[in-house]
Amino acid sequence: MPVGIFRVCLVVITAIVNHPLLFPKENVTVPENTEEIIQKMKEREESLRLEQLRLEQEIAAQEATQKALEKAAEVVEESKEEKVRWDMWTALSMVIFLLIELWRQDFQEGNWQDTGGEEDDMAVLGKAFKGVAFPDKAVLASFYEKRILGTTGDMARMREMVEGFADDLLEALRSVCNRDADMEVEDCMGVGSMYENWRVRKPFVCDLIVPFAPPEPYCFRSQIWCSGDSFPPDEQGYGTIKVCRADEDVTGCICDKTKLGEDMLCLLHSQANTTRPSGEMEDLLCFKNTQYLDADQVMKWFQIAVTKAWNRISHKYEFDLSFSLLDSPGALKIKFRSGKSIAFNLTPVVQYENSDVYFISHFPRRGLAADLPSSTHWFLTFAVYERRFIQLVSKTLPANACHVSCLQILSFLHGKQCTLTGPSGLTNYHLKTVMLHLLQTRPSQDWAPEKLEARLQDMLKFLEKCLHEKKLYHFFVGNGKVPAELSLPIIFQRAEPLNLFRPFVLHRDVYRKTVDTFHEMLRNMPALINEYTVHIPVAHTNGIHKESL
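Residue indices begin from 1 for each chain and proceed along its sequence in written order. Totals for whole chains, interfaces and linings use all residues, but because this is a predicted model, local features are given only for residues with pLDDT of at least 70 and pairs of side-chain atoms are given and counted only at 80 or more. The basis for the side-chain values is all heavy atoms of the structure; hydrogens and waters are excluded.

Named according to an unreviewed UniProt entry, the protein is Inositol 1,4,5-trisphosphate receptor-interacting protein originating from Mesembrinibis cayennensis. UniProt lists a comment for the protein under the heading Sequence similarities (unreviewed entry), and it reads "Belongs to the ITPRIP family." UniProt positions are given in the numbering used here, feature names are shortened, and annotations may be inferred rather than shown by experiment. What UniProt records for the protein under Function (unreviewed entry) is the sentence "Enhances Ca(2+)-mediated inhibition of inositol 1,4,5-triphosphate receptor (ITPR) Ca(2+) release."

Below, the structure written as structure tokens:
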């Protein structure tokens, strides 16, 4: 207890002693120190306030930036969504367009043989015929009799003379060749317009093809564009020919397609059979360091052989023989002492398997002249089947049918127009292809001689349609309606249709020139026909019309 009282008293005394009123003089600096402290506190408060304002401004700026970024992100997101929607609609539109285009092409390719089979289809065509005075039946009949028949009467005699001389020349060629090393030449065959009886323009040129085969023990193995292997678009219609030994199974053994390695040998083929000296293959007319038959080498060999053969038999004939064209190696010309001459083409070919389709070394091309992909690519010709088809169909047509007449008139008009305005992309082969299509689709009775005018218009309108669409399909390739009597290999009937007008898509200048020439031919047709037509009295013309009615 006393201790507690003592502590209380000590606290009271200490408080009294430290009171400021008891020592005023010694504590005069207290108020001054207080003011400094207050002043510093105010300054500190002011600095804190300024710092607070600065921080608030920074926070506001950050918030504004954040809002701007969020707004920009929203705009970008909206634009992305809009772009996605637009891209989706664009892609959907493109898909629909492609489907429609594919359907249209499939429909056309599936029904291309039927084009021209209906009068209604032909009626919507012929826009280029507006304003053209088409010659009537009497004028066409007079023109055909005077201009066509009057100039083609000596064709049979010329064919007989050329074929006889060609057989003699080839027989001499066989005698000068080495049967153990040179190619074996077979008998020639006549093809083309001279042998299908529709050639109208002079000079008359006979086209003869000469099949040949390699010497034993070699053989030819061919590969065509529609055999399943991928061929570029510019090689459609071509093939390659490989020179192999007869006992070499190139399709069943992989040693020729893969590298076996130095320490591996093929059990089917010895090294002697698989590796041949390059000189041996060149003697077999192959391209350098390959086994593929070279068309240029073949033509050089053939020209040399023909020259040797002619030197052997020239003493029997009273004329000269020479190569007439540098760009056509098989073009020959017979020159008589009287100054007259006869031209013909003698071209070596290779048979495709056991058919009458042939690989031709140099195909005479005009208009759409396209260079060969390479000298190892050979063009396939169906000339023998074309001749057989015309002969087969002619047996079912009325007497004196007008199909050949139509082709002759069209060929004459086009040739005349080309002499006036220059060559175009159309060739006589295109014109014949048009006739073949119409022969297949038109009933037999439509080719009666009195329907010459109507069928000629059909051919012109069909050709105009093909030019407009840039599509004229090969008659045999992809045509499943070819008569079975022709025995055409099924691989060609099942192939995709081959568009003969494909170069028009690639060469727009040639296409424009061709279309202009065609339209100009239509406009000049009355004048060209009347130039070679005997004057026909009006009464006679009216009488013919009444008889036809």
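### Regarding the packing of helix 11 (residues 403-421) against helix 16 (residues 508-531)
Two numbers describe how helix 11 lies on helix 16: the axes approach to 9 Å, and their chain directions differ by 110°. In terms of their interaxial angle, helix 11 and helix 16 are classed as roughly perpendicular. The chirality of how helix 11 crosses helix 16 is right-handed. For the pair helix 11 and helix 16, the contacting residues are L410, L413, H414, K416, Q417 and T421 in the first and K513, T517, E520, M521, N524, M525, L528 and I529 in the second. Split into classes, the residues belonging to the contact of helix 11 with helix 16 amount to six nonpolar, five polar and three charged. Lines are fitted to the C-alpha atoms to define the axes, a helix being fitted only along its stretch in contact, and any angle between axes, read from their N-to-C directions, falls within 0 to 180 degrees. Put simply, DSSP H or I for four residues or longer makes a helix, DSSP E for two residues or longer makes a strand, and each gets a number counted from the N terminus. Note on terminology: angles under 35 degrees are roughly parallel, angles over 145 are roughly antiparallel, angles of 65 to 115 are roughly perpendicular, and the others are oblique. Put simply, a crossing is left-handed when the front helix is turned counterclockwise from the back one by less than a right angle, and right-handed when it is turned clockwise. In what follows, a contact means two residues having at least one pair of non-hydrogen atoms within 4.5 Å. Residues are grouped as follows: nonpolar covers Ala, Val, Leu, Ile, Met, Phe, Trp, Tyr, Cys and Pro; charged covers Asp, Glu, Lys and Arg; every other residue, Gly included, is treated as polar.

### Quick word on the pattern of salt bridges
A pairing counts as a salt bridge when a side-chain nitrogen of Lys or Arg comes within 4 Å of a carboxyl oxygen of Asp or Glu. Inspection of the entire model under this criterion finds 16 salt bridges. With a closest N to O distance of 3.6 Å, K451 and D446 form a salt bridge. Three or more residues are tied together by salt bridges with common partners; here these are R442, D446, K451, R455 and D458.

### What to know about the side chain of E453
For E453, the position within the fold is in helix 13 (residues 452-469). Within the buried set, E453 has no salt-bridge partner at all; the shortest N-O distance to an opposite charge, 5.3 Å, is to K137. Burial status follows relative accessibility: with a 1.4 Å probe on protein chains alone, a residue under 20% of its type maximum counts as buried, one over 50% as exposed, and anything between as partly exposed. The sign given to each residue is positive for Lys and Arg and negative for Asp and Glu; His and the chain ends receive no count.

### Quick look at helix 10 (residues 383-394)
Multiplying 1.5 Å by the residue count of a helix minus one yields the expected span of that helix. When the terminal C-alpha atoms of helix 10 are compared, their 17 Å separation across 12 residues agrees well with the 16 Å that a helix rising 1.5 Å per residue should span. Every buried residue of helix 10 is accounted for by A383, V384, Y385, E386, F389, I390 and V393.

### Observations concerning the pairing of strand 10 (residues 377-381)
A large share of strand 10 lies buried, amounting to five of its five residues. With burial as the criterion, each face of strand 10 is covered, one bearing H377, F379 and T381 and the other bearing W378 and L380. Only when DSSP finds a minimum of two bridges between them are two strands counted as paired. Sheet analysis places strand 5 (residues 238-245) next to strand 10, joined by three bridges and oriented antiparallel. Within the sheet, the bridge partner assigned to G239 lies in strand 10 and is W378.

### Some remarks on unusual backbone geometry
The linkage connecting K202 with the following residue, P203, adopts the cis geometry, with an omega of 5°. Among the secondary structure elements, P203 is positioned in the loop between helix 6 (193-196) and strand 3 (205-213). Of note, the bond from E216 into P217 is cis; its omega dihedral lies within 30 degrees of zero at 10°. Here P217 is to be found in the loop between strand 3 and strand 4 (218-224). The phi angle at S487 is positive, at roughly 60°, despite the residue not being glycine. Within the secondary structure, S487 is located in the loop between helix 13 and helix 14 (490-493).

### A short note on the nonpolar core
Definition used in this section: a nonpolar core is a set of buried Ala, Val, Leu, Ile, Met, Phe, Trp, Tyr and Cys residues joined via side-chain atoms within 4.5 Å. By size, the foremost hydrophobic cluster in this structure holds 114 residues, and its most contacted members are L169, L293, F344 and L346. Other than its neighbours up to four places away in sequence, L169 contacts V306, A309, W310, I313, L321, L332 and L346. By size, the runner-up hydrophobic cluster in this structure holds nine residues, among which are Y238, I360, F379 and V384.

### Comments concerning the confidence of the model for the protein
Interpreting fine coordinate detail is not advised for predicted regions of low pLDDT. Note: pLDDT gives the predictor's confidence per residue, expressed from 0 to 100. Looking at the protein as a whole, its pLDDT mean stands at 79, while 73% of the residues score no less than 70. Within the model, pLDDT remains below 50 along residues 107-125, and this stretch shows 38 contacts once partners closer than five positions in the same chain are excluded. In this model, residues 535-549 is a region of pLDDT below 50 whose contacts with residues beyond four sequence positions or in other chains number nine contacts.

### Let's talk about a nonpolar patch on the surface
Grouping into patches uses exposed residues only, defined as over 30% relative accessible area, and leaves out salt-bridged ones; the cut-off is 9 Å for like charges and 5 Å for nonpolar side chains (Val, Leu, Ile, Met, Phe, Trp, Tyr). Where accessible areas are quoted, they stem from the Shrake-Rupley method and a 1.4 Å probe; at the residue level, only the protein chains shown are allowed to cover. Residues M88, W89, L92, I96 and I100 make up a contiguous nonpolar surface patch of roughly 530 Å² in combined accessible area. Structurally, L92 can be placed in helix 2 (residues 30-110). Note on L92: relative accessible area 41%, which makes it partly exposed.

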